[in-house]
Amino acid sequence: GADLPFYQKNIFSDTKRYDFYSNGKSFRDFPLLEALSVPYKFFVLASDKKDTDTISYKLRVSDTENVALCCQSRVMFIPVCKSAHGIVGLTSVADALALGMPILISDSAHIGIEVEELGIGMEYKAGDKSDCEKKMDLILHDENFYSMSQKAKSFGEKYDYTAFSMKIQNLLRIALEEKTK
């Protein structure tokens with residue numbers, strides 16, 4: 001889970017400069033992102049490419065700057081490529097949940113939660129430009145956009161790092177008690 005106090009003390013702005021924010025680097029489908037034909041503004045972290053009319057890039061930022069950029073964006077975009085294996089995109093999901101951002105994620109991320117079932121975002125078919133563009137239009141213009149944001153924030157609060165740490169602590173306590181019997 002996310003460190004909610006860190007996020008809460010680093011929220012700087014509600015002004016939305018970007019429609020989508022992508023802050024991951026492992027197994028990201030940057031070619032798909034660059035091939036999109038949509039009128040939206042993107043901010044992409046983890047790349048030192050030259051900015052375009054619709055995409056702003058930056059290779060690295062501090063954790064505080066990452067939160068500020070998240071706050072300036074409407075949707076967390078997690079474009080995981082088809083060849084990904086294992087859990088990919090979980091840190092980006094934690095960022096989005098901590099800040100109440102709806103999530104648009106490819107079906108190859110394997111993060112262990114169903115964003116559509118939970119009402120916190122949408123999923124598109126990895127590598128499918130047409131499906132990705134369709135879902136971008138849908139998520140930004142969905143009548144439930146605000147509801148997705150609220151559900152994402154509630155989910156992040158329910159599963160923050162304190163709750164997770166307490167579960168681990170309880171599991172360790174039970175294991176130690178069993179071992180000492």
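Refer to the structure above for everything that follows.
This report concerns the structure included in the present document. (Residues numbered from 1 in each chain as written. Predicted model: local features only at pLDDT ≥ 70, side-chain atom pairs only at ≥ 80, totals over all residues. Heavy atoms only, no water.)

Section: the pattern of salt bridges
Close approach of charged atoms lets side chains of opposite charge pair. Under the defined criterion, the tally for this structure stands at 5 salt bridges. Here Lys 129 makes a salt bridge to Glu 133, at a shortest N to O gap of 3.6 Å. Placement of both Lys 129 and Glu 133 in helix α6 (residues 129–141) is noted, with a separation of 4 residues, approximately one turn of the helix. Note that Asp 131 and Lys 135 form a salt bridge whose closest N and O atoms lie 3.8 Å from each other. With a gap of 4 residues between them, Asp 131 and Lys 135 both fall in helix α6, about one helical turn apart. (Salt bridge = Lys/Arg side-chain N within 4 Å of Asp/Glu carboxyl O. Helix = DSSP H or I, 4+ residues; strand = E, 2+ residues; numbered from the N terminus.)

Some thoughts on the sheet that holds strand β5 (residues 103–106)
Taken together, 6 strands build an open sheet; the order of strands is β3-β2-β1-β4-β5-β6 and the sheet is parallel. Strands at the two margins of the open sheet, each flanked by one partner only, are β3 (55–58) and β6 (121–124). On average, each strand axis in the sheet is inclined to that of its neighbour by 20 degrees, with strand direction left out of account. Bridge count between strand β1 (residues 18–22) and strand β2 (residues 42–45): 3 bridges; the pairing is parallel. Of the residues in β2, the one forming a bridge with Phe 20 is Phe 42. (Pairing = 2+ DSSP bridges. Axes fitted to C-alpha atoms, helices over the stretch in contact; angles between N-to-C directions.)

Quick look at the side chain of Asp 19
Inspection of the secondary structure assignment puts Asp 19 in strand β1. Within the structure, the side chain of Asp 19 is placed 2.8 Å from the backbone nitrogen of Lys 41, a separation counted as a polar contact. Apart from residues no more than four positions distant in its own chain, Asp 19 is found in contact with Tyr 40, Lys 41, Arg 74, Val 75 and Leu 140. (Polar contact = N/O pair within 3.5 Å; in protein donor to acceptor, adjacent residues only side chain to side chain. Contact = heavy atoms within 4.5 Å.)

Section: the pairing of β5
Burial along β5 is two-sided: Ile 103 and Ile 105 and Leu 104 and Ser 106, pointing in opposite directions, are all buried. Pairing of strand β4 (residues 73–78) with β5 involves 3 bridges; the strand directions are parallel. Each residue of the ladder has a partner; that of Ile 78, found in β5, is Ile 105. What joins β4 to β5 is helix α4 (residues 90–99), and the crossover it makes is right-handed. Of the pairings in the sheet, the one linking β5 to β6 comprises 4 bridges and is parallel in character. What sits directly across from Ile 103, in β6, is Gly 121. (Buried < 20%, exposed > 50% of the residue type's maximum accessible area, 1.4 Å probe, protein only. Right-handed = clockwise from strand over helix to strand, strands pointing away.)

Some points on the environment of Ala 175
Residue placement: Ala 175 occurs in helix α8 (residues 161–179). When its relative accessible area of 43% is taken as the criterion, Ala 175 is described as partly exposed. Residues Ala 175 and Gly 119, 56 residues apart in the sequence, show an inter-C-alpha distance of 35 Å.

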